[in-house]
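Given next are the chains, with one letter for each unit.
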Amino acid sequence: MFSEDQIISIMTYMIMLLLISMIAASLFLYLPKPSKSNDITCLKYFCGYFLASSLSYVVFILSGAELLPLTMATFLNNGLGIAAPYFLYAGINWHNKTSKHLYKNPLILFHIIGASTLITLTSVYIEDSLILVELIFFPNLFIAFYVAYRALINNNSNNLSPGGKIFKRTFQFSFISIIIMLSVIITTNNFFIYTSGIMIMQSIMTVGFLSAIYFTFLYKMISKFRKFSMTDHLTKLYNRRYFLTQANTIIRSAGRNKQPMSLIMCDLDYFKKINDEYGHDSGDAALVSFANTLKKTLREQDTIARIGGEEFIILLPNTSIELVMQICERIRENTEALEIKVAANTIKLTASFGICQIDTGLSIESNIRLADQTLYQAKSNGRNRVEHYDSIITA
């Protein structure tokens, strides 16, 4: 079927493919170890894809060197080839949530073993069966890749990350390649061209899937670090730096559209006393409870941040002073109803609020100073109350 030179070429290229896959699998050792158990399992399955591919190349090489019986080589080579996409399927599922392990999925196991057995029996009992073997193998490989592709789409129905987009393109390339390979073997009956095409296809897919996996995890780590950089670690609200950036953008938009916008400064009353009498853990619990009250009471479009200690700030787009007064009263009442249990004691919380209407002609820092002055007035007037800037000017 092949000349001696062609056999040498195929074996050389197969060894190169083996090395590429082994290097791809070893690169996972250099990724930072994920903190979540499902991410660790996900990485193992992604690594399994390259290991399964590597083993199939080893089987091919051993078979070509006549070191492995042909029947066993046929079963193992095709079984590993069909199993490899299922490792991607499991990795994609485990990336987003805890999923079922492959060995617990009877349908997948039946597909891998059943297809490999059918291909092996065909090659043993039917003469000149190479074309027929490939006509059985490639549709089954297509099914395995399609199952992995559907897992990608189903787990990322809203939008794909950069890694997800590379996954999608590589899957689409694999579908087109399978159809082309089937067409080549049927129309030309030239196994050297066909085998060479498969090797080129496998090389591109190895690079594509490796890039997709690396981009997926790097994007996840970058998103995690970005979230850390813009949120307060205790309350999970935005921090001061992110708030100022967002506020400037929102205020500019409101100025162009001539929409009213309000700013609230608030803090917990007698917070130092809570820390001194009950300890910092109780103080932290009070801050978290108050932050949760803010999140539950305010609207989705409102921007909430903890800007230091017990101080919080809220930007409310398209909100008049009258409406923001009502919102503040609801927050004040909900805060007053909070109870923090500490051993045998119960801590009651109150908060004070200062409001100002955003002046789009001023910087966000100047508007914050106005709201801060109003908050100071609320503290001076007895705490556990709401004041707005116009009222303190009038007074």
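Each value, and the rule that gives it
Residues numbered from 1 in each chain as written. Predicted model: local features only at pLDDT ≥ 70, side-chain atom pairs only at ≥ 80, totals over all residues. Heavy atoms only, no water. Core = buried A, V, L, I, M, F, W, Y, C linked by side-chain atoms within 4.5 Å. Buried < 20%, exposed > 50% of the residue type's maximum accessible area, 1.4 Å probe, protein only. Helix = DSSP H or I, 4+ residues; strand = E, 2+ residues; numbered from the N terminus. Contact = heavy atoms within 4.5 Å. Axes fitted to C-alpha atoms, helices over the stretch in contact; angles between N-to-C directions. Parallel < 35°, antiparallel > 145°, perpendicular 65-115°, else oblique. Nonpolar A, V, L, I, M, F, W, Y, C, P; charged D, E, K, R; others polar. pLDDT = per-residue confidence, 0-100. Left-handed = near helix turned anticlockwise from the far one by under 90°. Patch = residues over 30% accessible without salt bridge, like charges linked within 9 Å, V, L, I, M, F, W, Y side chains within 5 Å. Areas by Shrake-Rupley, 256 points an atom, 1.4 Å probe, with all protein chains shown as cover. Salt bridge = Lys/Arg side-chain N within 4 Å of Asp/Glu carboxyl O. Lys, Arg positive; Asp, Glu negative; His and termini not counted. Charge placed at Lys NZ, Arg CZ, Asp CG, Glu CD. Pairing = 2+ DSSP bridges. Phe/Tyr/Trp six-rings, centres within 6.5 Å; stacked < 30°, edge-to-face > 60°.

Q: Looking at this model, I keep getting lost on the nonpolar core. Mind explaining?
A: Core analysis: the largest hydrophobic core is formed by 54 residues, its most contacted members being Leu88, Phe138, Phe145, Phe167, Phe171 and Phe209. Mapped by element, the contributors of at least two residues to this core are helix 2 (37-64), helix 3 (70-96), helix 4 (106-125), helix 5 (130-155), helix 6 (162-188) and helix 7 (191-230). If sequence neighbours within four positions are ignored, Phe171 has contacts with Leu88, Ile92, Phe145, Ala148, Tyr149, Leu152 and Phe209. The next biggest cluster of nonpolar side chains, apart from the first, holds 30 residues, and it includes Ala286, Ile327, Ile340 and Leu349.

Q: Before we go on, may I ask you to explain the packing of helix 3 against helix 5 in this structure?
A: The angle between the axes and the distance between the axes are what describe a pair of packed helices. Between helix 3 and helix 5, the least distance of the axes is 9 Å, while the angle of their chain directions is 5 degrees. Classed by the angle they form, the pair helix 3 and helix 5 counts as roughly parallel. For the pair helix 3 and helix 5, the contacting residues are Asn78, Gly81, Ile82, Pro85, Tyr86, Leu88, Tyr89, Ile92, Asn93 and Asn96 in the first and Phe137, Asn140, Leu141, Ile143, Ala144, Phe145, Val147, Ala148, Ala151, Leu152 and Asn155 in the second. Residues that form the contact of helix 3 with helix 5 fall into these classes: 15 nonpolar, 6 polar and no charged.

Q: Quick question: what am I supposed to make of the confidence of the model for the chain here?
A: Residues shown with low pLDDT carry predicted positions that ought not to be read at fine detail. In this model, the chain carries an average pLDDT of 85, and 89% of its residues clear a pLDDT of 70 or more. Considering only residues more than four positions removed or in separate chains, one finds that residues 391-395, a stretch of pLDDT under 50, has 4 contacts.

Q: Please explain the packing of helix 10 (residues 280-297) against helix 11 (residues 321-336) as it appears in this structure.
A: The geometry of helix 10 relative to helix 11 is characterised by a closest axis approach of 10 Å and an angle of 140 degrees between their N-to-C directions. Classified by the angle between their axes, helix 10 and helix 11 sit oblique to one another. Classified by chirality, the crossing of helix 11 by helix 10 is right-handed. Counted together, Phe290, Thr293, Leu294 and Thr297 of helix 10 and Arg330, Ile331, Asn334 and Thr335 of helix 11 form the full contact between these two elements. Tallied by class, residues from the contact of helix 10 with helix 11 come to 3 nonpolar, 4 polar and 1 charged.

Q: Is there a simple way to explain a positive patch on the surface in this structure?
A: Taken together, Lys36, Lys224, Lys227, Lys236 and Lys295 make up a surface patch of like positive charges. Along the polypeptide, Lys227 turns up in helix 7. Classification of Lys227 as exposed rests on a relative accessible area of 53%.

Q: Any chance you could explain the side chain of Ser174 here in plain terms?
A: Locating Ser174 in the fold gives a position in helix 6. The class of Ser174 is buried, set by a relative accessible area of 0%.

Q: Explain the pairing of strand 1 (residues 261-268) here, please?
A: For a regular strand, side-chain orientation follows a simple rule: the groups alternate between the two sheet faces. Burial within strand 1 is extensive, with 8 of its 8 residues counted as buried. The two faces of strand 1 match: Met261, Leu263, Met265 and Asp267 on one face and Ser262, Ile264, Cys266 and Leu268 on the other face are all buried. Relative to strand 3 (residues 311-317), strand 1 runs antiparallel, the two being bridged by 7 bridges. Considered in strand 3, the bridge of Cys266 is made with Phe312. The pairing of strand 1 with strand 6 (residues 351-357) spans 7 bridges and is classified as antiparallel. Bridge pairing in strand 6 links Met265 to Gly354.

Q: Teacher, can you tell me more about the packing of aromatic side chains here?
A: Working definition: an aromatic ring pair is given by the centre-to-centre distance plus the angle between the planes. The full count for this structure, using the stated rule, is 19 aromatic pairs. Pairing Phe137 with Phe138 gives two aromatic rings, centres 5.2 Å apart and planes at 70 degrees, and the pair type is edge-to-face. Phe138 shares its class with Phe137; the two are buried. Taking 4.9 Å as the distance between ring centres and 40 degrees as the angle between the ring planes, the aromatic pair formed by Phe142 and Phe175 counts as tilted. Here the residue Phe142 occupies a position in helix 5, and Phe175 occupies one in helix 6, the gap between them amounting to 33 residues.

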